[in-house]
Amino acid sequence: MVPLNYYLILSAIVFAIGVIGVLTRRNLIVVLMSIELMLNAVNLTFIAFSRFLGSMEGQVAVFFVMAVAAAEAVIGLAIIISVYRHRQSLDPQEMQLLKW
Amino acid sequence: MVSSETGIVGYDLLRWIPLIPLLGSVINIFFGPALGRKNAGALGCAAVGASCAIAFYVFFQLPAAGIFRDVIYTWIDSGSFIVNLSFQADALTAVMLLIVTGIGFLIHVYSLGYMGHDEGEARFFVYLNLFIFFMLVLVMADNLLLLFVGWEGVGLCSYLLIGFWYEDVNNTIAGNKAFIVNRIGDLGFILGIFLLVTELGRQGIWTLDFAELQKHVQILSPATIGLITLLLFVGATGKSAQIPLFVWLPDAMAGPTPVSALIHAATMVTAGVYMTARLHFLFSLAPATMSLIAWTGAATAVFAATIALTQNDIKKVLAYSTVSQLGYMFLAVGVGAFSAAIFHVFTHAFFKACLFLGAGSVIHALAGEQNMRKMGGLKAHMPKTYWTYVIATLAIAGIPLTAGFFSKDLILWQAFSHGAYVLWGVGLVTAAMTAFYMFRQLFLVFHGECRADAHAQAHLHESPAVMTWPLILLAIGSVFTGWLGAPEYLWGSRWDHWLEAIFGRAEHHGSMAAEITVTLLTIAVVAVGIYWAYAKYGTAGARIDEGSENLIYRLSLNKYYIDELYDFVFVRPFTVCSRVLAQWIDPWVIDGTVNGIAAIARGMSWVTRGLQTGNVQHYAAGFLVGALALLAYYIGQF
Amino acid sequence: MDAPTLTFLALATLLVVSSLLVVLLPNVVHGAMALVTALLIISVFFVMLQAPMVGVLQVLVYAGAIMVLFLFVIMFLNPAAPERSHRVWLGFAGLLAVLLGALLTAMLIKTETAADPIASTDLFGSPEMLAKSLFGDFVLPFEIASILLLVAIVGAVVLALRERRL
């Protein structure tokens, strides 16, 4: 059997990759996609624990994470559309109105 | 209304004695302009008159050894330390009440005439009534703290009244000087009160009531009592114009003459004497302080008298005379003759007020002239003023059978019989000088040819009845009030008997023969003074005082340059310090510190606001840094 | 190295590579395709971990609906401008992420899981089991999640609406 650690470490790596995406990319859509990546990494962790502890609760958690991720992706994209309409740009670094 | 405990009787009427003048003052503040000047003045007089009537009534009700007390409410109630707002009337207070309200009433009436043409007449009566209120609080207080309230209040009113004609800035300066010098004395007074309370409190007794203090002060150590009495005496020197804090009184002559009569002759300046008499049980326990008081009094008496010899302003002569007579009072206090001191307060109030009001009458008649070189020959034009002035001058010089004779001789005899021969000698010399300068003034002002300028001469007239009647009444007082305190070889003293309950049985040292000898010596010395004055100024054709270049003369005329000395030693360094503080320390150090703190805050915020880039990804990175820190911490925990 | 481990390693490598592609490819559409690949691989993992129902849901919902939505938006917006990048920031952020991965790994390596997974029944991860948990213990969160989805729908419509109606 594949030990639990392996899944957890894999999940951590994918999560870190998602973090790179969120912090570095200058396209809002890619940022959103990186967030989805992070969420999926977490899902993987949940399922792995669910299997190794024999409890259904992990899978239920994943179910809810998926629901929330869906809602969040929808709203996020709607916001991106609004922002694009106003500023004709998808670069987060150009949106600095709150700069001191 | 009247309920009794042993010896102390509760008496609701007492509170009206000070309250009626206060009401008069308040009504005049708010409704004075509406009432009009004449009515405001009449209201002021009526208020003091009512107060006077009640005071007389209380006086006649008061049994010799009794005390009336009227507790209004509890002012301070802190653990076992209780201070009430309450008034008392015992024999000593009754005497002071009669002086304050009686002479105060006469002076109010006089002011109707004197201030009759003045635009600010209503304001004058507001201040005058307020003064009477505070003075009454002072003499009727049954605890030291309330006395101090009255003390401060009369100082305030003195300031207001000296600078009454405020359009002339010199008057305001004089008012400031009076208030500030008084303040310096008050500092001593307050420290004395603090020390008294804390030292008694250390022994477990927390009180400032006179009755309680009298019972308990013996438990304090002599050194403590000496310090307390010294500090209290400092306060007295300020209020009663003794060396070194007398300098404000001559300048206070800038105020209207009724003010000089009431405040700076009859009442406020005697507050210091009253305070020492009220606390006689405390002072009696401090022989060193008593000695200091006696010497200060004597020194002040002779010092002021020497200055009065050469002054040319009619009011300045009287001012220095007041300082000198106050010195006599403290001389009496210092040798332990409290009853004699209060007796002199009583008689002095009459003749000094009479003198000041007479001077006011002269000034009023000459349209404001105050220089005696420009007076003369007024005898014919102002007979009533002249004759009352003569009587008062006889009294102050100490001519036999006048009030001044009895009170001053009593003081000199007490000094002699207690063995203070040097002090007695000083007092004797001062008596001679007093006779000289007072008669000099009489001759210069009323006798000889009229040297006034044409404008004043045209204005010359006897004062109206509202001003001369108070003069007459005061002159009568100047003679007959003294008869209350005659020595044994005449008809005995009712005065000592009256104040026995307070001060204890009057002791009689020395023989009657010695007493008579001393009195005759005094009369002789006074006669010399009067003769010399007559020779210089009274004979027909005597030349008026042109002054001389003599050093002693110049020192006397310029009051020994004491104001200049004080200015150099105290005022200038103080001003320099103030300037340094105001122009250097305040802007640079204090403002600098405050602004510096603000600048530091601004600097720190300048540095840290770099974090607010507006870029969401940067903020997310911030999140991450925090999460990493937590993570590292937890890993460290394993 | 036995078969399950090999399979795992192969799939893990593919997963990591696709994630990297999502994050690194300049073209957004290519990135979206890489994300779809990653999601599918993860669903394989789910099935391997005896969560077939969730795995199917992953394909249907995530790879199916959500990614289609992404692609719709990408087409709709059609961003053309290439991105500029800031070297220093890249370095700093990259460092942070690597640090995160390293720390997590360091922590997770030590997790004690020598034991075999707990024996589970055939029903484990099946729709019945999922439904039993979902509509039994977790019915309240379920209902709230449905309200959440409703809010999301309304919100999306409102946000994306053109403003001419005002």
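Check the entry above for the structure.
First things first, this report covers the structure right here in the doc. (Residues numbered from 1 in each chain as written. Chains lettered and ligands numbered in written order. Predicted model: local features only at pLDDT ≥ 70, side-chain atom pairs only at ≥ 80, totals over all residues. Heavy atoms only, no water.)

## Things to note about the pattern of salt bridges
All names here are of chain B.
- Scanning the entire structure with this criterion turns up 15 salt bridges over all chains.
- Between Glu-119 and Arg-37 there is a salt bridge whose closest N-O contact spans 3.4 Å. You can see Glu-119 sitting in the loop between helix H3 (91–114) and helix H4 (121–140) and its partner Arg-37 sitting in helix H2 (residues 37–61), a full 82 residues away along the chain.
- Each of Arg-37, Lys-38, Glu-119 and Glu-121 takes part in salt bridges that share partners, so that together they form one network. (Salt bridge = Lys/Arg side-chain N within 4 Å of Asp/Glu carboxyl O. Helix = DSSP H or I, 4+ residues; strand = E, 2+ residues; numbered from the N terminus.)

## Some details on the interface of chain A and chain C
- Contacts between the two partners involve 71 residues from chain A, matched on the other side by 80 residues from chain C.
- Summed over both sides, the interface between chain A and chain C buries roughly 7000 Å², with carbon and sulfur atoms accounting for 77% of that surface.
- At the junction of chain A with chain C, the criterion picks out 0 salt bridges.
- Along the contact surface separating chain A from chain C lie 9 residue pairs in polar contact (both at pLDDT 80 or more).
- Secondary structure elements with two or more residues in the side of chain A that touches chain C: helix H1 (4–24), helix H2 (28–53) and helix H3 (57–87) of chain A.
- Counting residues per element, the side of chain A that touches chain C draws most heavily on H3 of chain A, which supplies 24 residues.
- Classifying every residue of the side of chain A that touches chain C gives 49 nonpolar, 14 polar and 8 charged. (Contact = heavy atoms within 4.5 Å. Buried area = accessible area lost by both parts, 1.4 Å probe. Polar contact = N/O pair within 3.5 Å; in protein donor to acceptor, adjacent residues only side chain to side chain. Nonpolar A, V, L, I, M, F, W, Y, C, P; charged D, E, K, R; others polar.)

## Regarding the packing of aromatic side chains
- Scanning the entire structure with this criterion turns up 38 aromatic pairs over all chains.
- Ring geometry for Tyr-7 of chain A and Phe-45 of chain C: centres 5.9 Å apart, planes at 85 degrees, overall edge-to-face. Remark: Phe-45 of chain C occurs in helix H2 (residues 28–48) and Tyr-7 of chain A occurs in helix H1; the pair is interchain, linking two chains.
- With a centroid separation of 5.3 Å and an interplanar angle of 70 degrees, the aromatic rings of Phe-59 of chain B and Phe-60 of chain B are classed as edge-to-face.
- By relative accessible area, Phe-60 of chain B is classed as exposed at 66%.
- Joined through ring pairs, the aromatic side chains of Phe-124, Phe-125, Tyr-127, Phe-164 and Trp-165 of chain B make up one cluster.
- Cation over ring: Arg-278 of chain B sits above Phe-210 of chain B, and NZ or CZ is 5.7 Å from the ring centre.
- When the ring centre of Trp-606 of chain B is taken as reference, the NZ or CZ atom of Arg-609 of chain B above it lies at 3.8 Å. (Phe/Tyr/Trp six-rings, centres within 6.5 Å; stacked < 30°, edge-to-face > 60°. Buried < 20%, exposed > 50% of the residue type's maximum accessible area, 1.4 Å probe, protein only. Lys NZ or Arg CZ within 6 Å of the ring centre and 35° of its normal.)

## Considerations on the side chain of Gln-58 of chain C
- Within the element layout of this structure, Gln-58 of chain C appears in helix H3 (residues 52–77).
- Among all residues touching Gln-58 of chain C, those that are not within four sequence positions of it are Asn-40 and Met-66 of chain A together with Leu-39, Ile-42, Ser-43, Phe-46 and Ala-63 of chain C.

## Notes on the interface of chain C and chain B
- In this assembly, 9 residues from chain C lie in contact with 10 residues from chain B.
- A buried area of about 920 Å², summed over both sides, lies between chain C and chain B, and 89% of it is on carbon and sulfur atoms.
- For the chain C face of the interface with chain B, the top three residues by lost area are Trp-89, Leu-96 and Leu-103 of chain C, together amounting to 54%.
- Between chain C and chain B we count 0 salt bridges in total.
- The tally of links between chain C and chain B comes to 0 residue pairs in polar contact (both at pLDDT 80 or more).

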